[in-house]
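A closer look at the structure
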Amino acid sequence: MIHGHRRKKGSSLSFSLLYVLPVLVAGLPSAVDAATTATAQSDSTATSASTPKKLTAKKVAPSKVVPSSSKTIQQARTADSAAGGTEAVTVTGSFLRQGRNTSPNPVQIISSKDIQQTGITNVGDFLQRMPSIGSSGLGNADTNGGDGVSCTDLRNLGSSRVLVLIDGKRVTQTGMSGGSCVDMNTIPVMAIQSIEILKDGGSELYGADAVSGVINIKMRHNINTGGINVRGNITQRGDNRTGLISGYKGWNFDHDRGNITIMGQYDTQGGVMMKDRAWSRNPQSNDPADPASVSYGSIISTRGTYFGSDTWNSNNQGGLVPYSAANRYNYNKDTSLLNNTQNGSLMGDAHYDFNKHFTLYSNVMYSHKTSWTQMAPMPAMGSVAPSTLPSAIWIPENYPGNTSGEELQMYRRMAEFGNRKTETAVDSLTAKVGASGEIIANWMYDASFTFGSTMSSFQTSGVGDYSKLLREWGLDAVTPGDSGSDLMYNPNSCVGYTGCVQSSALAALSPEAAKYANYTEHDHSQYTMRDFNARIHNDHVVKMPYKGGGDLGIALGMEHRGEQMSYHPDPLIASGGSLTNTVLPTGGGFNVSEAYLEGNLTLLHNVPFAKNLSVDGQGRYSSYNTFGSTYNWKAGINWAPVRDVAFRGTLGTSFRQPSVSELYGGTLMSYNGANDPCDMSQITTYGGRQAAVMANCMNRGINPSTFQQSGSGQVPTLNGGNSKLQPETGRTYTFGATFTPHWIPGLSTSASFWHYNVSHTISALSTQYVLDSCYTGSDPSMCNNITRLSNGQINTVSALNANLGSMTTSGVDWDLSYRFRVSEADWFMIENNFQRLVSFKQQMTPGGPHYNYLGSITYQSQGTSNPTVRDYATLSWHHNNFSVTYMMQYISGMHWNDGTYTIHKADGYGRVSTPSMVLQDLTFNYNLKRWNFQFEIQNLTDKQPPFLVNTSSNSNDSTYGGWYAGRTFLLQAGMNF
């Protein structure tokens with residue numbers, strides 16, 4: 001394993017004053033309600049999250065509380081409506097308040113209780129349980145370039161195509177070299193009231209990025225109580241120790257016209273090393289049908305590997321010995337499986353009602369997050385563009401100790417520099433101020449300004465200074481300044497350089513020599529957002545002038561938004577002077593002005609065969625300074641012939657503006673998961689295509705019968721921005737039905753069919769796709785993107801951002817919620833969220849073939865998956881103040897896919913699929929007056945993730961990260977006051 005993923009690593013700041021502040025606040029008697037009491041239920045509000053209104057918290061008897069669940073919009077209701085009311089609500093997907101069973105938008109609502117009962121400490125980990133959440137994001141199990149960031153993904157269309165809002169407004173994003181997203185780790189879990197997921201496109205109402213949908217996180221407001229919550233958990237193996245302390249306190253003042261609420265949270269996660277799990281301890285780099293041919297670890301060892309007509313290792317004392325597989329390096333003994341993270345967050349919320357025409361509100365969220373992860377020592381292999389240093393390390397024939405009789409190319413892992421420890425520190429701030437109220441005659445307004453800023457620092461130790469290392473080894477370029485230059489031996493290369501120690505490339509460096517040649521990199525980035533949003537709306541503009549006619553509601557507004565991002569890599573890294581990935585600076589931005597309109601017309605209401613018949617239309621015009629203007633629209637219909645059944649459908653368009661990093665991101669070198677088709681093991685996996693691969697490799701002077709790839713399942717790949725990118729466009733349609741039979745109280749169920757098509761997708765081709773297209777002959781033009789060294793090893797594969805082909809996916813969702821009482825003291829709650837994927841096809845190049853990824857998993861590192869079936873179910877039993885909840889997550893089995901081709905055993909693989917997987921949790925809760933206690937067992941059966949050849953963890957972190965820690969025990973206590 002060489003180095004990471006597309007995202008660049010970096011440095012960490014230690015505890016600063018900004019970090020300590022949230023921790024101090026969390027220690028105050030002010031924190032989050034532990035979970036399930038009626039006081040927490042009383043905090044919900046039926047008003048739009050972006051227009052807070054006065055709501056005096058009221059206590060509800062626990063036996064009267066109807067537990068919230070994950071359900072569609074038709075079942076969304078406030079605490080009042082749960083007790084029998086019919087108050088209209090504003091839910092994500094519309095700016096108008098509508099009654100239950102009257103909206104066409106497919107929205108799933110998740111309550112704070114649903115989140116808290118899982119024991120999850122960050123929003124991203126919880127959302128990963130939802131069947132609609134894909135595997136294209138980042139999580140805590142992504143330790144190779146993830147930087148401790150949690151990015152969510154909807155429908156497996158990518159984290160860049162889902163819009164994440166907080167209280168209906170945009171929020172600051174990360175700023176990394178490989179891309180940006182909303183980091184779910186920065187959102188305090190205990191401050192969340194609910195999460196609403198709009199599961200179809202939302203560009204016409206919310207603007208760009210809402211291609212696959214919208215995730216709106218509604219925070220708790222208008223609180224006049226307080227609470228504190230403490231949680232800790234540990235795996236049965238004694239690691240990944242996680243702790244959380246959170247608190248809140250709210251105050252009403254001036255006869256409840258105003259409110260101030262403060263919330264704080266501090267959480268820490270201890271991480272796990274790969275060596276501490278039997279299934280990840282030995283990285284498997286292939287999976288041939290013959291078990292005797294299995295390879296573990298990397299050919300690049302701390303002894304060094306030297307390629308000529310034969311292959312050699314050093315004896316670490318200045319000489320050579322014949323290559324031995326026993327010298328392969330097990331990099332997982334030094335590599336993290338789960339990140340170590342610490343996060344402190346603070347939220348302040350306030351509003352004051354001057355009168356019905358003017359309410360002033362404000363919300364500020366701040367977080368300081370640090371994370372660190374560890375990888376094996378850095379390999380020394382050569383430089384990459386734009387460096388002018390030698391692209392390969394050649395050991396001259398006359399070099400002392402070179403007894404091979406020929407020039408050798410060296411690959412050596414620099415154990416003398418120590419393990420690579422990547423530390424990250426991120427400060428995120430989102431501040432919002434606004435005003436709302438009534439203009440006249442039920443015409444309401446809402447105007448706000450949001451400022452977001454994220455500043456990140458990255459530090460990675462042990463990356464080495466390449467020129468200093470060559471100097472100590474006595475290797476000078478024959479032609480200085482030419483990266484393709486040969487090397488010659490200079491026994492006096494250290495003369496005149498303070499601290500330089502003359503050393504041998506065939507021996508270990510002394511501590512003094514290692515100190516001179518080692519290097520620690522420091523990178524910095526900043527993302528800034530400014531968003532002004534103004535809207536007026538009226539839910540009842542006019543009533544239809546006929547019997548059974550309903551109301552016309554209208555909302556219209558404008559938005560102006562600007563985004564800027566900069567990424568400043570370490571100067572040595574940018575120049576290509578280190579041993580690690582080369583990254584060039586990123587800088588740029590864009591601004592957009594937009595206008596939007598929504599209308600909702602209830603054609604019929606409370607008449608025979610039309611309990612409700614309504615139509616909804618939305619449109620948005622956007623003008624960008626980067627590419628021009630665009631218009632997007634959406635139409636929906638809802639028909640409830642009787643009160644128990646409602647049918648709905650939507651049809652709309654969407655678009656996505658290229659992000660700053662996609663447009664202006666500097667070129668970076670990344671070691672992506674891929675296999676060289678000419679490798680002696682890989683070529684045996686091409687089945688009927690093997691003859692073509694063999695011929696193409698031989699034509700390039702490579703003999704696949706003896707050639708070994710040096711990168712152990714990773715290939716150096718050039719990624720980067722493209723200022724000529726054009727927006728993506730898409731079309732989405734959904735239709736479904738909701739069934740809430742009045743003769744079965746507490747039961748609601750819904751089903752939806754959804755379909756997405758995204759054209760001109762913005763992405764980089766996968767490294768494996770480029771390699772296979774070239775060597776199988778399916779697209780010979782891809783060979784222009786591959787460069788090799790003189791010994792046949794791949795130097796680079798170029799895969800810059802581009803507008804590629806289309807992406808199409810469709811499926812069926814089925815949701816069920818059923819609450820029933822069996823006695824005065826006992827009642828049960830059953831909830832289920834099910835997804836059946838019908839299709840998932842992707843076109844890699846415009847006009848090219850469409851690849852079918854249904855039921856497949858890209859088995860290499862950082863791969864994604866498309867399981868045919870996913871399900872998340874919970875069963876709760878409540879007995880007075882005691883409850884037990886069983887939670888089950890199911891993922892169907894999948895076939896392996898290398899990005900272009902579904903793998904079969906006939907191709908020479910020993911395993912070609914993953915089995916169906918079940919993850920089970922069990923939670924016990926007990927309420928004692930103001931106290932709540934929770935005990936949980938996560939991964940009840942200690943199920944380990946399934947095996948995949950990914951040259952890293954032996955599994956797939958983006959799909960099976962929930963299984964990585966193993967059986968875990970959690971204890972939580974909370975108090976309200």
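Everything quoted here is computed from the prediction, not taken from an experiment.

Thresholds applied
- Residues numbered from 1 in each chain as written.
- Predicted model: local features only at pLDDT ≥ 70, side-chain atom pairs only at ≥ 80, totals over all residues.
- Heavy atoms only, no water.
- Helix = DSSP H or I, 4+ residues; strand = E, 2+ residues; numbered from the N terminus.
- Buried < 20%, exposed > 50% of the residue type's maximum accessible area, 1.4 Å probe, protein only.
- Contact = heavy atoms within 4.5 Å.
- Areas by Shrake-Rupley, 256 points an atom, 1.4 Å probe, with all protein chains shown as cover.
- Polar contact = N/O pair within 3.5 Å; in protein donor to acceptor, adjacent residues only side chain to side chain.
- Phe/Tyr/Trp six-rings, centres within 6.5 Å; stacked < 30°, edge-to-face > 60°.
- Lys NZ or Arg CZ within 6 Å of the ring centre and 35° of its normal.
- pLDDT = per-residue confidence, 0-100.
- Patch = residues over 30% accessible without salt bridge, like charges linked within 9 Å, V, L, I, M, F, W, Y side chains within 5 Å.
- Salt bridge = Lys/Arg side-chain N within 4 Å of Asp/Glu carboxyl O.
- Core = buried A, V, L, I, M, F, W, Y, C linked by side-chain atoms within 4.5 Å.
- Pairing = 2+ DSSP bridges.
- Disulfide = S-S within 2.5 Å.
- Arc of directions from axis to C-beta.

1. Some thoughts on the overall build of the protein
- In terms of helices and strands, the protein carries 13 helices and 47 strands.
- Going through the 977 residues of the protein one by one, you find that 63% of them count as buried.
- Long-range pairs, those at least 24 residues apart, make up 74% of the contacts in the protein between residues at least 6 apart in sequence.
- Here the protein displays about 33200 Å² of accessible surface, and carbon together with sulfur accounts for 59% of that area.

2. Here's the deal with the environment of Tyr 756
- Structurally, the position occupied by Tyr 756 is in strand β32 (residues 747-759).
- Sequence-wise, Tyr 756 and Gly 811 are 55 residues apart; in three dimensions their C-alpha atoms are separated by 9.4 Å.
- Residues in contact with Tyr 756, not counting those within four places in the same chain, are Arg 155, Leu 157, Lys 199, Asp 200, Gly 201, Val 211, Ser 212, Arg 731, Thr 732, Met 807, Thr 808 and Thr 809.
- Separated by 3.1 Å, the side chain of Tyr 756 and the backbone oxygen of Lys 199 make a polar contact.

3. Notes on the packing of aromatic side chains
- By the definition in use, this model includes 26 aromatic pairs.
- Relative to Tyr 624, the ring of Phe 590 has its centre 5.9 Å away and its plane inclined at 45°; by these criteria the two rings are tilted. Separated by 34 residues along the polypeptide, Phe 590 in strand β25 (residues 586-607) and Tyr 624 in strand β26 (residues 610-624) bring together distant segments of the chain. With respect to burial, Phe 590 and Tyr 624 carry one shared label: buried.
- With 5.8 Å between their ring centres and 65° between their planes, Trp 754 and Tyr 756 make a pair best called edge-to-face. Across the pair, exposure class does not vary: Trp 754 and Tyr 756 are buried alike.
- One aromatic cluster is present, built from ring pairs that chain together Phe 253, Tyr 352, Phe 354 and Phe 358.
- Over the ring of Trp 372 we find Lys 421, and its NZ or CZ is 4.6 Å from the ring centre.
- The cationic tip of Arg 535 hangs over the ring face of Phe 95; the distance from NZ or CZ to the ring centre is 4.3 Å.

4. Quick look at the confidence of the model for the protein
- Averaged over the protein, the pLDDT score is 86; the fraction of residues at 70 or greater is 90%.
- Within the model, the stretch residues 1-86 combines pLDDT values under 50 with 307 contacts to residues more than four positions away or in other chains.

5. Some thoughts on a nonpolar patch on the surface
- Among the surface-exposed residues, Phe 354, Phe 358, Leu 360, Val 433, Phe 449, Phe 532 and Met 558 lie close enough to one another that they form a single nonpolar patch of about 570 Å² accessible area.
- Inspection of the secondary structure puts Met 558 in strand β24 (residues 551-568).
- On the accessibility criterion, Met 558 (34% relative accessible area) is partly exposed.

6. Concerning the nonpolar core
- Counting 31 residues, the largest nonpolar core has Val 123, Leu 127, Ile 195, Ile 215, Ile 217 and Met 219 as the members making the most contacts within it.
- Contributions of two or more residues to this core are made by α5 (123-127), β2 (162-166), β4 (192-198) and β5 (213-219).
- In contact with Ile 217, not counting residues within four places along its chain, are Val 123, Val 164, Leu 165, Ile 166, Asp 167, Met 184, Ile 187, Ile 192, Ser 194 and Ile 195.

7. Section: unusual backbone geometry
- A positive phi is found at Asn 316, a non-glycine position, where the angle reads about 65°.
- With relative accessibility at 28%, the residue Asn 316 sits in the partly exposed group.
- The backbone of Ala 441 sits at a positive phi, close to 50°, despite the residue not being glycine.

8. A short note on the sheet that holds β4
- Here we have five strands laid out as an open sheet, ordered β1-β4-β5-β2-β3, and mixed in their pairing. The outermost strands of the open sheet, each flanked by one partner alone, are β1 (107-111) and β3 (169-170).
- Bridge analysis of β1 against β4 gives five bridges, and the strand direction is antiparallel. Looking across to β4, one finds that Ile 110 is bridged to Ile 195.

9. Regarding the pattern of salt bridges
- Within this structure, the stated rule accounts for 22 salt bridges.
- One salt bridge in this structure joins Arg 170 and Asp 209, with 3.2 Å as the shortest N-O distance. Highlighted residues: Arg 170 in strand β3 and Asp 209 in the loop between α6 (203-206) and β5, separated in sequence by 39 residues. The same class applies to Arg 170 and to Asp 209, which are both buried.
- For Arg 656, the salt bridge is made with Glu 728, and the minimal N-O distance between the two is 3.1 Å.

10. Details of helix α7 (residues 466-473)
- Counting buried positions along α7 yields six of eight residues, so the element is predominantly enclosed.
- Three or more residues of α7 are buried, namely Tyr 466, Leu 469, Leu 470, Arg 471, Glu 472 and Trp 473.
- Among the residues trailing α7, Gly 474 stands out with phi positive, at a value near 75°.

11. A look at the state of the cysteines
- Taken as a whole, this structure holds four disulfides when the rule is applied.
- A sulfur-sulfur distance of 1.8 Å marks the disulfide that ties Cys 494 to Cys 500. The sign of the -50° torsion about the S-S bond sets the Cys 494-Cys 500 disulfide as left-handed.
- Residue classification places Cys 494 among the buried residues on the basis of a relative accessible area of 9%.
- Among the cysteines of the protein that take part in disulfides, numbered as they appear in the sequence, the pairing is 1-2, 3-4, 5-6, 7-8.

12. A short note on helix α11 (residues 690-699)
- Every buried residue of α11 is accounted for by Val 693, Asn 696 and Cys 697. Down the axis of α11, the buried set is contained in an arc of 100°. They therefore lie on one face. In α11, the exposed residues that point more than 90 degrees away from the buried face are Ala 691 and Asn 699.
- The inward-facing, buried residues of α11 contact α12 (767-775).
- The positive-phi residue at the C-terminal boundary of α11 is Gly 701, with phi of around 80°.

13. Considerations on the sheet that holds strand β40 (residues 856-858)
- With respect to topology, three strands assemble into an open sheet ordered β40-β43-β44, the strand pairing being mixed. Edge positions in the sheet fall to β40 and β44 (913-914), since each has one partner strand and no second.
- The pairing of strand β43 (residues 894-897) with β44 spans two bridges and is classified as antiparallel. Paired with His 895 across the two strands is Ser 913, which belongs to β44.

14. Quick notes on the side chain of Ser 132
- By the secondary structure assignment, Ser 132 is in the loop between α5 and β2.
- When neighbours within four sequence positions are excluded, Ser 132 is seen to be in contact with Gln 108, Asp 153, Leu 154, Arg 155, Lys 199 and Gln 835.

15. Comments concerning the pairing of strand β19 (residues 420-440)
- Where burial is concerned, most of β19 is hidden: 15 out of the 21 residues are buried.
- In this sheet, β19 lies alongside strand β15 (residues 358-375) in antiparallel orientation, the contact comprising 17 bridges. The residue of β19 that forms the bridge with Thr 359 is Ser 436.
- Sheet analysis places β19 next to strand β20 (residues 443-460), joined by 18 bridges and oriented antiparallel. Bridge pairing in β20 links Thr 430 to Gly 452.
- Two successive antiparallel strands, β19 and β20, enclose a turn made up of two residues, where Ala 441 displays a positive phi of approximately 50°.

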